[in-house]
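# Structural features, examined
What follows is the residue order along each chain.
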Amino acid sequence: MRLLPRRPAPADPSAADAAEQDELGAGPVTKGRPTPKRRDSEVRRGPAAPAPKTRREAIARQREQVKKAKTSGTRLSPGDRRARMLAGDEAFLPRRDAGPLRALARDYVDSRRMLSNVLLVLFPLIVLSGFARVPAINIVVLVVFMAVLVEWILTGRKLLALATTRGIDRGKNTALGLGFYAGSRAYLPRKWRVPRARVGLREPI
């Protein structure tokens with residue numbers, strides 16, 4: 001049986017250490033050089049980005065991260081996509097909610113109280129009115145429906161006028177259609193609304 005020839009021992013001990021480190025794949029030993037401090041490493045990497053102070057800054061940072069993910073070919077998980085949608089990111093919103101006019105309608109609804117806010121509470125009464133033969137209940141339900149319909153039309157007109165003053169494209173939206181969109185959001189509790197509200201009650205929009 002033939003044995004492999006032994007490697008001759010190097011004359012310089014530091015060369016032996018370097019050869020041993022090369023075999024282990026750890027790279028050459030850098031003796032005589034101090035270990036870099038953590039703050040020096042952070043300086044080379046660059047300063048950390050400060051945390052966003054407002055909701056708009058957070059949304060802007062999320063959009064930037066989405067753009068980076070798209071350019072790098074990284075796919076977002078379903079949870080990340082839903083988080084972007086809840087935050088109101090235009091890239092992940094359904095077509096029904098996309099656009100600056102719909103965003104204006106959502107802010108308008110979220111910043112004030114409307115008659116449509118009580119529709120969810122009155123829903124059991126509306127269902128019972130279909131089976132009840134009490135004229136008073138039917139009249140109340142009819143009056144509520146008429147009042148809500150008028151509110152939707154007036155809300156749609158106000159949103160279209162507000163969009164005109166702010167230079168937002170109105171597209172083919174009508175007062176009734178835009179008012180229905182606003183009302184369908186208004187009757188839901190704030191924590192159920194998608195995207196999430198970005199303005200509080202009585203806050204300017």
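In case you missed it, the structure is sitting above this.
The notes below deal with the structure included here. (Residues numbered from 1 in each chain as written. Predicted model: local features only at pLDDT ≥ 70, side-chain atom pairs only at ≥ 80, totals over all residues. Heavy atoms only, no water.)

Before going further, it helps to examine the pattern of salt bridges. Under the counting rule described, the total for this entry stands at four salt bridges. The shortest N-O distance in the salt bridge between R185 and D110 comes to 2.9 Å. Here the residue R185 occupies a position in helix α8 (residues 175-186), and D110 occupies one in helix α5 (residues 100-110), the gap between them amounting to 75 residues. The same class applies to R185 as to D110, namely buried. (Salt bridge = Lys/Arg side-chain N within 4 Å of Asp/Glu carboxyl O. Helix = DSSP H or I, 4+ residues; strand = E, 2+ residues; numbered from the N terminus. Buried < 20%, exposed > 50% of the residue type's maximum accessible area, 1.4 Å probe, protein only.)

Turning to the layout of surface pockets, a few remarks are in order. Approximately 160 Å³ is the volume found for the second largest pocket. Every residue lining the second largest pocket is counted, 13 residues in all, and those nearest its centre are N117, A186, L188, R190 and R193. Taken together, the residues of the lining of the second largest pocket sort by class into seven nonpolar, one polar and five charged. (1 Å grid on protein atoms, 1.4 Å probe; cavity = no way out; pocket = protein on both sides within 12 Å on 5 of 7 lines; lining within 4 Å. Points joined across faces, edges and corners; volume = space filled by probe spheres on them. Nonpolar A, V, L, I, M, F, W, Y, C, P; charged D, E, K, R; others polar.)

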